[in-house]
Each structure stands twice: as C-alpha cells, then as structure tokens.
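What the coordinates show
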Amino acid sequence: MTLGEEAASLWRPAHEPAAALYVSHLAVDRAAAGHGVGAWLLDEAAEEAARRGKRWLRLDAWKSNARLHAYYRRSGFRLVRIADGAGGSGALFERAVSLR
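Rules used throughout
Residues numbered from 1 in each chain as written. Predicted model: local features only at pLDDT ≥ 70, side-chain atom pairs only at ≥ 80, totals over all residues. Heavy atoms only, no water. Phe/Tyr/Trp six-rings, centres within 6.5 Å; stacked < 30°, edge-to-face > 60°. Helix = DSSP H or I, 4+ residues; strand = E, 2+ residues; numbered from the N terminus. Lys NZ or Arg CZ within 6 Å of the ring centre and 35° of its normal. Salt bridge = Lys/Arg side-chain N within 4 Å of Asp/Glu carboxyl O. Expected span 1.5 Å × (residues − 1). Buried < 20%, exposed > 50% of the residue type's maximum accessible area, 1.4 Å probe, protein only. Core = buried A, V, L, I, M, F, W, Y, C linked by side-chain atoms within 4.5 Å. Contact = heavy atoms within 4.5 Å.

Attention now moves to the packing of aromatic side chains. Evaluation of the coordinates by the stated rule reveals four aromatic pairs. Taking 6.0 Å as the distance between ring centres and 65 degrees as the angle between the ring planes, the aromatic pair formed by W11 and Y22 counts as edge-to-face. Here the residue W11 occupies a position in the loop between β1 (2–4) and β2 (20–24), and Y22 occupies one in strand β2, the gap between them amounting to eleven residues. Among the aromatic side chains, those forming a connected cluster through ring pairs are Y71, Y72, F77 and F93. The ring of W11 has R58 sitting right over it, with the charged end atom 4.6 Å from the ring centre.

A side chain of one charge can pair with a side chain of the opposite charge if their charged atoms are brought near each other. Taken as a whole and assessed by the stated rule, the structure comprises nine salt bridges. Where salt bridges share partners, they join E5, E48, R51, R52 and K54 into one cluster.

The next subject is helix α1 (residues 37–51). Taking 1.5 Å per residue, 15 residues should reach 21 Å; α1 reaches 21 Å between its end C-alpha atoms and fits that length. Burial in α1 covers these residues: G38, L41, L42, A45, A46, A49 and A50. Following α1 by one or two positions, G53 has its phi on the positive side, about 75 degrees.

This part is about the nonpolar core. Residues V23, L42, L57, L59, Y72, F77 and F93 are the most contacted members of the largest nonpolar core, which totals 15 residues. Only β2, α1, β3 (56–61) and β5 (88–96) provide two or more residues apiece to this core. No other element matches α1, which puts five residues into this core. For F77, the contacting residues outside a window of four places in its chain are L42, L57, L59, Y72, F93, E94 and R95. Residues L10, A20, Y22 and A83 belong to the second largest nonpolar core, which totals seven residues.

In this section: unusual backbone geometry. Backbone geometry at E16 places phi at a positive 50 degrees, although glycine is not the residue there. Residue placement: E16 occurs in the loop between β1 and β2. In this structure E16 comes out as partly exposed when scored by relative accessible area, which is 43%. Despite not being glycine, H25 shows a phi value in the positive range, around 55 degrees. Tracing the sequence through the fold places H25 in the loop between β2 and α1. A relative accessible area of 64% means that H25 is categorised as exposed.

In structure tokens, the structure reads:
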C-alpha cells in the first residue's frame, strides 16, 4: 500500500483534493486473504490521515470491478462518482476520517 497527498487527476477541485490522504497500490497476498489484513491496512491509513489533519481517506478502483467496490463499501467507503475523461477512468471512493 502506498499513501500520498497527491490526488489522481480524476478527482475534481470541488472535491477539495488537499483535504484527503490517497491510498494506492493496496494489495494483500492471497495466502492472507480473509484474515482482515486489508481492513487493518485501511484502518492504519485512516489513522495516518487523521494524524495529518485530513478529513478523508480516498482511493480509486477499476470502474468495472464490482467485487472490489463491494469490499470498499463494506470497509466504510462511499462511492463518490464513476469518472470517465481525459485523465482516465475509475470508481472514486472516500471515507470520513475521525480527527483527534
């Protein structure tokens, strides 16, 4: 998993890109699947977002990957929009971060 403050070009200025921390390259070894590793990583990312004073944890996924979309929804994310345009395409998700 990689965390960054740089928003992918699919996020619009109206989404206040600086208010979020962005997850990319999230992967869990198949041998660890079903043991909560992905959820733990996302929770750790949300904690880091809070430490940095961000309001949102955001990520994107292939727009056609319905199983991954369902996983992110179960992990507390909401679908912001399906993006199509010059910057590419994808499903954009975010979840609120509890600020301390």
